[in-house]
2 protein chains.
Amino acid sequence: MTDQLQLNPDVESIPYADRKKILDATRGRTDLADLSSGNPDVPMPPYVQARLKEAVESGYAPYTDYYGIPQLRSRIAQYLQETCAIAVDPDSELLVTHGVQQALYLVLRTILRRGDQVLIPSPHYANYDLDPVASGGRPVLVPLDEEDGFTPDPHRLDQAITPRTRAILFSNPNNPLGVTWTRPTLEVVADLARRHDLYVLVDEVYRDFHPQRLTSIAALPGMRERTFVFNGFSKSYFMMGLRTGYVAGPASIIDHVKQLSYVVALCPSYLGQIAALATFDCPRSQVEPVYAEFHSCLELLYDSVTRLPGVSCVRPDCGLYLFPNVSCSGMTSLELSLDLIREAGVITLPGTEFGSAGAGHLRLSVCAGREQVELGVRRLGERLVELSKNGSGGNTLDR
Amino acid sequence: MTDQLQLNPDVESIPYADRKKILDATRGRTDLADLSSGNPDVPMPPYVQARLKEAVESGYAPYTDYYGIPQLRSRIAQYLQETCAIAVDPDSELLVTHGVQQALYLVLRTILRRGDQVLIPSPHYANYDLDPVASGGRPVLVPLDEEDGFTPDPHRLDQAITPRTRAILFSNPNNPLGVTWTRPTLEVVADLARRHDLYVLVDEVYRDFHPQRLTSIAALPGMRERTFVFNGFSKSYFMMGLRTGYVAGPASIIDHVKQLSYVVALCPSYLGQIAALATFDCPRSQVEPVYAEFHSCLELLYDSVTRLPGVSCVRPDCGLYLFPNVSCSGMTSLELSLDLIREAGVITLPGTEFGSAGAGHLRLSVCAGREQVELGVRRLGERLVELSKNGSGGNTLDR
């Protein structure tokens, strides 16, 4: 083209994440211990595999209902009733999507007008702030403090609210923090949402990893009508690449989200939906030992990390991640993460990948399994001791 | 929520299609002959099924490369070189997506600024005008005439161009028209695009159905830099529900499209990509007889329809669709389509579903196979004869 590029300003504003720098640094290295992965290294449950195989053997791969196979929507509604105590009409209040990622985009693109703001307690899952940007809105990151166990400060949230604030978005259980907000904390957030007439967008994709039955913020009084619950099958059933998620929310808005979903996706993946449908009949014995093993790895990682001199960490209660404070290294978290790849042979993600409130932290993952966790945390520990001997502590912290 | 809904105006503007009225009219009816389907009633080739089965049996379903499995992108680039004579760098000029539908949305959302216009020769694939609307732009439908064999009138296209026109969007081979624009016609469109500095978006998803090697507009002089070629595996390999498509275009823009794709989708479906990769090694003997059978059904449908009194039709050269002129019925195409369900037991789609230029037409499909085609066209013919006897011709045409 002869003219200057004149692209959509929202799309042009989507920031490039530092994750690319990390990926580049790992290229060609086969000797690295992996504490960074978000891809649980576990096969799908045999029951799900068997149902998928049957579907493949049938030979047909048709388009499905635009909004998700009706039987799948029914089972999801039943799950939401049983585990979250929320009644959802599978025809008007539920949409099956290409993963939670797509559901989040669709809802934010539907509810945000130009310049509308979304509160995101932070550190936060790295993509949450990209969605408002890509939708012409503005993410407003509200820092969470390690000293408070990464629970939100109501006063700070309140002060971040403006006439343009439309929604608050968070994951519970939390990625990357590893913590879960329980009912008292959710009451605080719900109160805020009701008082300021905000939507609540809650990503509960790690719900099944929690040993207890968790309260959903959608089940609190007056919240169902303003809450969008996001969940999916990627993490609970190790089918990340099948890209099947969903969102449940108020019918008047889901109606428009569906219209956009049709334009953006036509329909979700047939095989992804077949696998998702199978999960509801999958024997618990095929997944619970896997959750238990990940939980045990997470405790091992927590115990090992908190024994390192100068490192502190909020205790995670479920999931796949830990978010230790390693500011003792004296480097920014990106510098430390790159240093750990080069000098110690271990991949981590810098805390700042999850918002500037993640400064001084790393996100560590147990996705790659016990051996990698053991190897990785040993290398991490040795490098941190080395760095502390060089006395570089405290001078170039990234906040 | 206590306030009025204040949703995104672009999303609120996405029109509801009449297709819902057709779907509603068919509900509960099991006696209908299907001339409306876009879901070819054919299993995936055995070779593709076998590769899919192996992938399922491996048990793992990981996230893939955000922009598509590198090996798949290489094979697509090779296909584009061999069949379209265009050189595409698989790393910087190619993106694998959740079907062509998602690719179209991503590109239009990236290149359109608020109020920018997209020329769409029409009748057109029903979703093309939804993408600009959902992206804050404006579709400008430019009528094609049946008398010209549905080739574009350059003067009419020229006159539709304004300073806000950014792109021209069409499918070739064409759905719903069944016709293919050959090199001389594409030269006219290319000349227009070069003169007015427009992008060209061409959906070539029916390319493999054409018995000859077709020219791609992207291969014409000076066009590679301004053309986005969309294609996928849904129709050629009967894997519609696996949702795997792609777009090839100029690197400077694909770079931003990729960023948006990450936000919207994270990555395409793993199994969809495994199936897509398998298609490149699939013996042609597993698909060509199917294309031949569809072609034979299309000819049968054409011959039968054009024998009906008062019906005319541009001869289709490939694909799954026919677009006959049935204005002799004296009804609008929506009225006729609903009447045919109620009174004759045959489902068709009204031509106006494909833009107002489709008035007086129906889209007929051979997707449901020979038996349905034979039954459907008989019922259609009988009803048209009945209507002409009632002498209702000519008074309530929908244009």
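Details of the structure are given in the entry above.
Residues numbered from 1 in each chain as written. Chains lettered and ligands numbered in written order. Predicted model: local features only at pLDDT ≥ 70, side-chain atom pairs only at ≥ 80, totals over all residues. Heavy atoms only, no water.

## Digging into the overall build of chain A
Okay, so step 1: Within chain A, the secondary structure is distributed over 13 helices and 12 strands.
Okay, so step 2: Taking 2.2 N^0.38 as the reference for a compact globule, 399 residues should give roughly 21 Å; the C-alpha atoms of chain A span a radius of gyration of 21 Å, in line with that estimate.
Okay, so step 3: The principal-axis extents of the C-alpha atoms in chain A amount to approximately 60 × 60 × 50 Å.
Okay, so step 4: Counting over 399 residues, chain A shows a buried share of 63%.
Okay, so step 5: Counted over contacts in chain A with a minimum sequence separation of 6, partners at least 24 positions apart contribute 75%.
Okay, so step 6: Taken as a whole, chain A presents about 13800 Å² of accessible surface, with 50% of it coming from carbon and sulfur.
Okay, so step 7: Side chains of chain A carry 37 positive and 47 negative charges; the gap between the two charge centres is 1 Å. (Helix = DSSP H or I, 4+ residues; strand = E, 2+ residues; numbered from the N terminus. Rg over C-alpha atoms; globule rule 2.2 N^0.38 Å. Buried < 20%, exposed > 50% of the residue type's maximum accessible area, 1.4 Å probe, protein only. Contact = heavy atoms within 4.5 Å. Areas by Shrake-Rupley, 256 points an atom, 1.4 Å probe, with all protein chains shown as cover. Lys, Arg positive; Asp, Glu negative; His and termini not counted. Charge placed at Lys NZ, Arg CZ, Asp CG, Glu CD.)

## Overview of the packing of aromatic side chains
Each aromatic ring pair is specified by the distance between its two centres and by the angle formed by the two planes.
Residue and element names in this part refer to chain A.
Okay, so step 1: This model, assessed by the stated rule, comprises 31 aromatic pairs over all chains.
Okay, so step 2: With centroids separated by 4.8 Å and ring planes inclined at 40 degrees, the aromatic side chains of F209 and Y291 adopt a geometry described as tilted. Of this pair, F209 sits in the loop between β6 (199–203) and β7 (227–232) while Y291 sits in helix α11 (residues 288–306), and the two are 82 residues apart along the sequence.
Okay, so step 3: The class of Y291 is buried, set by a relative accessible area of 8%. (Phe/Tyr/Trp six-rings, centres within 6.5 Å; stacked < 30°, edge-to-face > 60°.)

## Let's talk about helix α10 (residues 270–279) of chain A
Okay, so step 1: Summarising burial for α10 of chain A: 10 of the 10 residues are buried, a large majority.
Okay, so step 2: Among the residues making up α10 of chain A, those that are buried are Y270, L271, G272, Q273, I274, A275, A276, L277, A278 and T279 of chain A.
Okay, so step 3: Lining the buried residues of α10 of chain A we find α3 (46–58), α4 (70–84) and β2 (94–97) of chain A together with α3 (46–58) and α10 (270–279) of chain B.

## Focus: the side chain of D129 of chain B
Okay, so step 1: Along the chain, D129 of chain B turns up in the loop between β3 (117–122) and α6 (130–134).
Okay, so step 2: Within the structure, the side chain of D129 of chain B is placed 3.2 Å from the side chain of H124 of chain B, a separation counted as a polar contact. (Polar contact = N/O pair within 3.5 Å; in protein donor to acceptor, adjacent residues only side chain to side chain.)

## Overview of the interface of chain B and chain A
Okay, so step 1: Chain B puts 78 residues into the contact, and the matching count from chain A is 78 residues.
Okay, so step 2: Overall, the association of chain B and chain A removes approximately 7200 Å² of surface from exposure, summing both partners, and the carbon and sulfur fraction of that is 54%.
Okay, so step 3: Taken together, the connections running from chain B to chain A amount to six salt bridges.
Okay, so step 4: We note a salt bridge from K53 of chain B to E57 of chain A, for which the minimum N-O separation is 3.2 Å.
Okay, so step 5: Here chain B is connected to chain A by 46 residue pairs in polar contact (both at pLDDT 80 or more).
Okay, so step 6: At the level of secondary structure, the elements contributing two or more residues to the side of chain B that touches chain A comprise α1 (9–12), α3, α5 (99–111), α6, α9 (251–265) and α10 of chain B.
Okay, so step 7: Looking at the side of chain B that touches chain A, the element that brings in the most residues is α9 of chain B, giving 10 residues. (Buried area = accessible area lost by both parts, 1.4 Å probe. Salt bridge = Lys/Arg side-chain N within 4 Å of Asp/Glu carboxyl O.)

## Quick notes on the packing of α5 of chain B against α9 of chain B
Residue and element names in this part refer to chain B.
Okay, so step 1: Between α5 and α9, the shortest axis-to-axis distance is 9 Å and the interhelical angle comes to 120 degrees. In terms of axis orientation, α5 runs oblique to α9. The chirality of how α5 crosses α9 is right-handed. Touching Q102, L106, V107, R109, T110 and I111 of α5 are I253, H256, V257, L260, S261, V264 and A265, all from α9.
Okay, so step 2: Considering only residue class, the contact of α5 with α9 consists of eight nonpolar, four polar and one charged. (Axes fitted to C-alpha atoms, helices over the stretch in contact; angles between N-to-C directions. Parallel < 35°, antiparallel > 145°, perpendicular 65-115°, else oblique. Left-handed = near helix turned anticlockwise from the far one by under 90°. Nonpolar A, V, L, I, M, F, W, Y, C, P; charged D, E, K, R; others polar.)

## Digging into the relation of the copies chain B and chain A
Okay, so step 1: Its rotation angle being 180 degrees, the transformation that places chain B on chain A also includes 0.0 Å of axial translation and leaves an RMSD of 0.0 Å. The transformation just described matches what one would write down for a two-fold rotation axis. Among all residues of chain B, the one whose C-alpha sits closest to the rotation axis is K53 of chain B, at a distance of 3.0 Å.
Okay, so step 2: Both copies present the same face, since 100% of the interface residues in chain B are matched by interface residues at the equivalent positions in chain A. (Least-squares fit on C-alpha atoms with pLDDT ≥ 70 in both.)

## Remarks on the sheet that holds strand β9 (residues 321–322) of chain B
All names here are of chain B.
Okay, so step 1: Judged by pairing direction, the sheet is antiparallel, and its three strands sit side by side in the order β9-β12-β11 without closing on themselves. In this open sheet, the two strands that pair with only one neighbour each are β9 and β11 (349–350).
Okay, so step 2: Where β9 lies against strand β12 (residues 362–365), two bridges are found, and the strand directions are antiparallel. Across the sheet, residue L322 finds its bridge partner in β12, namely L364. (Pairing = 2+ DSSP bridges.)

## Observations concerning the nonpolar core
Okay, so step 1: With 280 residues, the main nonpolar core has L80 and L201 of chain A together with L80, I111 and L201 of chain B as its most contacted residues.
Okay, so step 2: Setting aside its immediate chain neighbours within four residues, L201 of chain B contacts L104, V107, L108, I111, A167, I168, L169, F170, F228 and F230 of chain B. (Core = buried A, V, L, I, M, F, W, Y, C linked by side-chain atoms within 4.5 Å.)

## Concerning unusual backbone geometry
Okay, so step 1: Of note, the amide linkage connecting N175 of chain A to P176 of chain A takes the cis form, showing an omega dihedral of 20 degrees.
Okay, so step 2: Looking at the secondary structure, you find P176 of chain A in the loop between β5 (165–171) and α8 (183–196).
Okay, so step 3: Cis geometry is found at the peptide bond from N172 of chain B to P173 of chain B, where omega equals -5 degrees.
Okay, so step 4: Relative to the elements of secondary structure, P173 of chain B occurs in the loop between β5 (165–171) and α8 (183–196).
Okay, so step 5: With a phi angle near 55 degrees, A85 of chain A is a residue other than glycine that sits in the positive phi range.
Okay, so step 6: Of note, A85 of chain A is situated in the loop between α4 and β2.
Okay, so step 7: The exposure class assigned to A85 of chain A is partly exposed, which follows from its relative accessible area of 45%.
Okay, so step 8: Even without being glycine, D197 of chain A reaches a positive phi, approximately 55 degrees.

## Comments concerning the environment of R370 of chain B
All names here are of chain B.
Okay, so step 1: Turning to its location among the elements, R370 is positioned in helix α13 (residues 370–389).
Okay, so step 2: A residue is classified by how much of its surface remains accessible, and R370, at 30% relative accessible area, is partly exposed.
Okay, so step 3: Setting aside chain neighbours within four positions, we find R370 in contact with E293, S296, C297 and L300.
Okay, so step 4: A polar contact is formed between the side chain of R370 and the side chain of S296, at a distance of 2.6 Å.

## Some remarks on α11 of chain A
Okay, so step 1: The first and last C-alpha atoms of α11 of chain A sit 27 Å apart over 19 residues, in line with the 27 Å expected at 1.5 Å per residue.
Okay, so step 2: Here the buried face of α11 of chain A lies against β9 (321–322), β12 (362–365) and α13 (370–389) of chain A. (Expected span 1.5 Å × (residues − 1).)

## A short note on the side chain of T165 of chain A
Residues and elements named next belong to chain A.
Okay, so step 1: Take T165: it is sitting in strand β5.
Okay, so step 2: Only 2.8 Å separates the side chain of T165 from the backbone nitrogen of T162, close enough to count as a polar contact.
Okay, so step 3: The residues contacting T165, other than those within four sequence positions of it, are Q117, L119, A160 and L198.

## Some details on the environment of S252 of chain A
Okay, so step 1: By the element assignment, S252 of chain A lies in helix α9 (residues 251–265).
Okay, so step 2: Separated by 27 residues in sequence, S252 of chain A and E225 of chain A place their C-alpha atoms 9.7 Å apart.

## Looking at the packing of helix α12 (residues 333–344) of chain A against α13 of chain A
Residues and elements named next belong to chain A.
Okay, so step 1: The contact between α12 and α13 brings their axes to 10 Å, and the two run at 105 degrees. One finds that α12 runs roughly perpendicular with respect to α13. Contacts between α12 and α13 pair L336, D339, L340, E343 and A344 from the former with R379, L380, R383, L384 and L387 from the latter.
Okay, so step 2: Residue composition of the contact of α12 with α13, grouped by class: six nonpolar, no polar and four charged.

## Observations regarding the sheet that holds strand β11 (residues 349–350) of chain A
Two pairing modes exist for strands in a sheet, parallel and antiparallel, and in both the strands are linked by backbone hydrogen bonds.
Okay, so step 1: The antiparallel open sheet is built from three strands, whose spatial order is β9-β12-β11 (chain A). On the outer flanks of this sheet lie β9 and β11 of chain A, each paired with one strand and no other.

## A closer look at the pairing of β12 of chain B
If a strand is regular, its side chains alternate between the two faces of the sheet.
Residues and elements named next belong to chain B.
Okay, so step 1: Of the two faces of β12, both are covered, the one formed by L362 and L364 as well as the one formed by R363 and S365.
Okay, so step 2: Pairing of β11 with β12, which is carried by two bridges, proceeds in the antiparallel orientation. Bridging across to β12, P350 finds its partner in L362.

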